[in-house]
Amino acid sequence: MEILATALPELGHAWALILQPVVLGYLVLGVVMGLCVGVFPGLGGIAGLSLLLPFMFGMEPVYGLALMIGMVAVVPTSDTFASVLMGIPGSSASQATVLDGFPMAKNGQAARALSAAFASSLFGGLVGATFLTVFILVARPIVLAFGLPEMLMITILGLSMVAVLAGRIALKGMAAAGLGLMIGTIGEADAGGSLRMATYDIPYLTDGLKLVIVGLGIFAVPEIVSLLRQDRSIAKGASLGAGWFDGIRDWFANIWLSVRCSVIGVAVGVIPGLGGSVVDWIAYGHSVQTTKDKSNFGKGEVRGIIGPESSNNAKEGGGLVPTLLFGIPGSGSMAIFIGAVALLGSGDIEVGPGMLKDNLDITYSIVWLLALANVVGTILCIAASGGIAKLTTIRFTYLAPFLFMLISFAAFQSGQNFEDLLALFSIGLIGIFLRRFDWSRPAFLIGFVLSNPVEKFTNQAFQIASFRFRKSFEEGMDYIFSPIVIVLIIITVVSVVLGIRQAKTIMAEGDVQSGSKRAPLVFLLVIMAYLITALVNANMIPDYNMTDKVIPLVIGGFSLACCAILLVQMMRRPEGDVIFADKEVAGEDADAPYGLWSTLAWFAGLIAATWIVGFILALIGFLITFFRVRAGADWRMTLILTAAGIAFMCLMAGALNRDFPPGLLQSAVDLPWPLK
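Worth saying up front: this structure is predicted, and the values here are computed from it rather than measured.

Draft legend 1. Region of interest: the packing of helix H21 (residues 441-471) against helix H25 (residues 546-572). As a packed pair, H21 and H25 sit with axes 10 Å apart at the nearest point and diverge in direction by 125°. Taken as axis vectors, H21 and H25 run oblique relative to one another. In this structure, the crossing between H21 and H25 has a hand that is right-handed. Mapping the contact onto sequence places Glu 455, Thr 458, Asn 459 and Gln 463 in H21 and Thr 547, Asp 548, Ile 551 and Pro 552 in H25. Across the contact of H21 with H25, the residue classes tally to two nonpolar, four polar and two charged.

As structure tokens, this is what we get:
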């Protein structure tokens, strides 16, 4: 009762603060900026908040919070546009949405998919805000109850979703997840600093591969290349299909799925370090597990949109719990948020327990700003969805060069190295062949995302558990098998058992026909060669740094065993078996008028020209040549589209204060911006 007596007056004061016209104006401005940032793939909330940082110095606290919360709240909603319309994950929180959202767009149901996503996002955002309201004073003991074993089990629960998403051949899914985990271990180990797969005189790999690059490479590049080969619009017909009312009806018909996935989003968001990278996969796996007819997943199942979109917006409310209670950032965007709050006003507001004690009204202002921003953002997105969805009816040859331009720019921003573009192309090749041979790309991405948490939490939990066991066996067992861990183990086991039983009905890459043995067998041998190389490299780490080599050796050994079993099965089974799935045998890819390598050469040409003359000059030549030769546009259209693309890139880079990839020319000649 004492808590309520304290909280209720502050809740009223918070409403009085945020219902001022100026505050609402800043909120709407933040929502509009977040909408613009979210639409562009690869940028996300971190880039958006970074853009706002210079304006936070000395700003009235409520104004600055309204601006930031408006942006943070709407990015997980607006990034749905890229996921649904282009098959490009708008951010790490919208990767699962691609699986069914993009097929719906290709089937002419873009507006329906978007509106179902926006309704789910609104509901999830409101659930997150409600949770934050209720638990902001009582959640402290709950958050503190999650130690390293609990966080490791949450990570393993995320990995268990591979069982659901593995596809018709479970071994392919497990091997794909193992490959993702191994690629995720590239670079300097957290525990002892040993280099893994970076010892071959490739300094770029020291820091490992960034999630933005891997996400874009695995999903964006294969889909752009595939559609470009077919030389048609994203949607086969000119019709956009059902309007946004049908999408809202879809959400209402599946409201309990939305409720459950929103709760999942809040629960995962509360735990620092996981957040958007894993929550959508857990929600997608739950959506599959709780659906009777699973045959439509991956082909355009609306439940595959409702689940992830409900969870990734609810996660924002959950992520604010550790941020506001302890000053522990729940994600990268929350880390920037904490830094920005310290700049507001006179600098006396500090996120953490002190904020709850001295600025409870401002704390609750954040909560209600989050709820309002979700409402405003959803209304704007629904209003714009009809017009933006018409992008799917444009001939894709006119969209592809701009998408290559955007993903190249987004990839470069992750590390500001030219090698980022080479990494994007290399991961894109892996994505193309995973897609072609019916290996689960979601399983690969889950493995990559969770590689660092798995290793970090395993090493830290092992060290603490060893210390506890030295004290007594009972104390060690109590530490490892806490009540929360036991509950999570049960959930994980149930998830794996159900997933393995259901995986055969899930088609990871749609209905892929089978072909000859040769191409799938060669791809498998290439993967095995990489795994063997990675295992040898990990084994070179000295034994005194055992913590740096154990995880790669275990994961690599498991993945190699899966591949070896697959190899034996391929040798024994006849051609035409489902294990030899190949998109180049029948279907859209096989019937495409343009070949894979000639299409991919355009992207390779842009990267090669960038290395020589820098990004902008390379982009000018790329756009002119592409529109004239590949699209067959006249000179007037070519010059207009080229000028529009260059102007847009310069405007975005200038607004975000970002650089373009330089080339050899820039190192030899002092050129003005944006040519340098």
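Draft legend 2. The arrangement of the packing of aromatic side chains in detail. Evaluation of the coordinates by the stated rule reveals 17 aromatic pairs. Taking 6.2 Å as the distance between ring centres and 10° as the angle between the ring planes, the aromatic pair formed by Phe 433 and Phe 437 counts as stacked. An identical accessibility class is assigned to Phe 433 and Phe 437; each is buried. Three or more aromatic residues link up through ring pairs in this structure, and these residues are Tyr 398, Phe 402, Trp 602, Phe 622, Phe 626 and Phe 627.

Draft legend 3. Empty space enclosed by the protein, seen in detail. Tallying each qualifying case throughout the model produces three cavities of 30 Å³ or more. Space inside the largest cavity adds up to approximately 80 Å³. What lines the largest cavity is simply Pro 222, Val 225, Ser 226, Arg 229, Ile 432, Arg 435, Arg 436, Lys 583, Glu 584, Asp 589 and Leu 596. The set of elements that each furnish at least two residues to the lining of the largest cavity consists of helix H11 (211-230) and helix H20 (419-436). Looking at the lining of the largest cavity, the element that brings in the most residues is H11, giving four residues. No fewer than three residues from each of domain 1 (2-40 + 48-236 + 245-394 + 440-561) and domain 2 (395-439 + 595-676) sit in the lining of the largest cavity. For the second largest cavity, the calculated volume is near 40 Å³. Met 182, Thr 185, Arg 196, Met 197, Ala 534, Asn 537, Ala 538 and Pro 552 together form the lining of the second largest cavity. With three residues, the single largest contributor to the lining of the second largest cavity is helix H24 (residues 518-539).

Draft legend 4. Region of the structure containing H11. Taking 1.5 Å of rise per residue, the 20 residues of H11 would be expected to cover 28 Å, and the 28 Å separating its terminal C-alpha atoms lies within 8% of that figure. By the largest-angle criterion, Gly 217 marks the main kink of H11, which is about 35°. When you tally the buried positions in H11, you get 18 out of 20 residues, the bulk of the element. Among the residues trailing H11, Asp 231 stands out with phi positive, at a value near 55°.

Draft legend 5. Up close: the pattern of salt bridges. Within this structure, the stated rule accounts for one salt bridge. The salt bridge involving Asp 250 is made with Arg 112; its shortest N-O contact spans 2.5 Å. Remark: Arg 112 occurs in helix H7 (residues 110-135) and Asp 250 occurs in helix H12 (residues 244-253); sequence separation between them is 138 residues. The burial state of Asp 250 is the same as that of Arg 112; both residues are buried.

Draft legend 6. A look at the environment of Leu 641. Relative to the helices and strands, Leu 641 resides in helix H29 (residues 635-656). Sequence spacing of Leu 641 and Leu 623 is 18 residues, and the spatial spacing of their C-alpha atoms is 8.0 Å. Residues contacting Leu 641, with those up to four places away along its chain left out, are Tyr 398, Phe 402 and Phe 627.

Rules of the game
Residues numbered from 1 in each chain as written. Predicted model: local features only at pLDDT ≥ 70, side-chain atom pairs only at ≥ 80, totals over all residues. Heavy atoms only, no water. Axes fitted to C-alpha atoms, helices over the stretch in contact; angles between N-to-C directions. Helix = DSSP H or I, 4+ residues; strand = E, 2+ residues; numbered from the N terminus. Parallel < 35°, antiparallel > 145°, perpendicular 65-115°, else oblique. Left-handed = near helix turned anticlockwise from the far one by under 90°. Contact = heavy atoms within 4.5 Å. Nonpolar A, V, L, I, M, F, W, Y, C, P; charged D, E, K, R; others polar. Phe/Tyr/Trp six-rings, centres within 6.5 Å; stacked < 30°, edge-to-face > 60°. Buried < 20%, exposed > 50% of the residue type's maximum accessible area, 1.4 Å probe, protein only. 1 Å grid on protein atoms, 1.4 Å probe; cavity = no way out; pocket = protein on both sides within 12 Å on 5 of 7 lines; lining within 4 Å. Points joined across faces, edges and corners; volume = space filled by probe spheres on them. Domains from an automatic or database assignment. Expected span 1.5 Å × (residues − 1). Bend = angle between axes of the 7 residues up to and from the residue. Salt bridge = Lys/Arg side-chain N within 4 Å of Asp/Glu carboxyl O.

Note that every value here comes from positions in space, so none of it alone points to a role or purpose.
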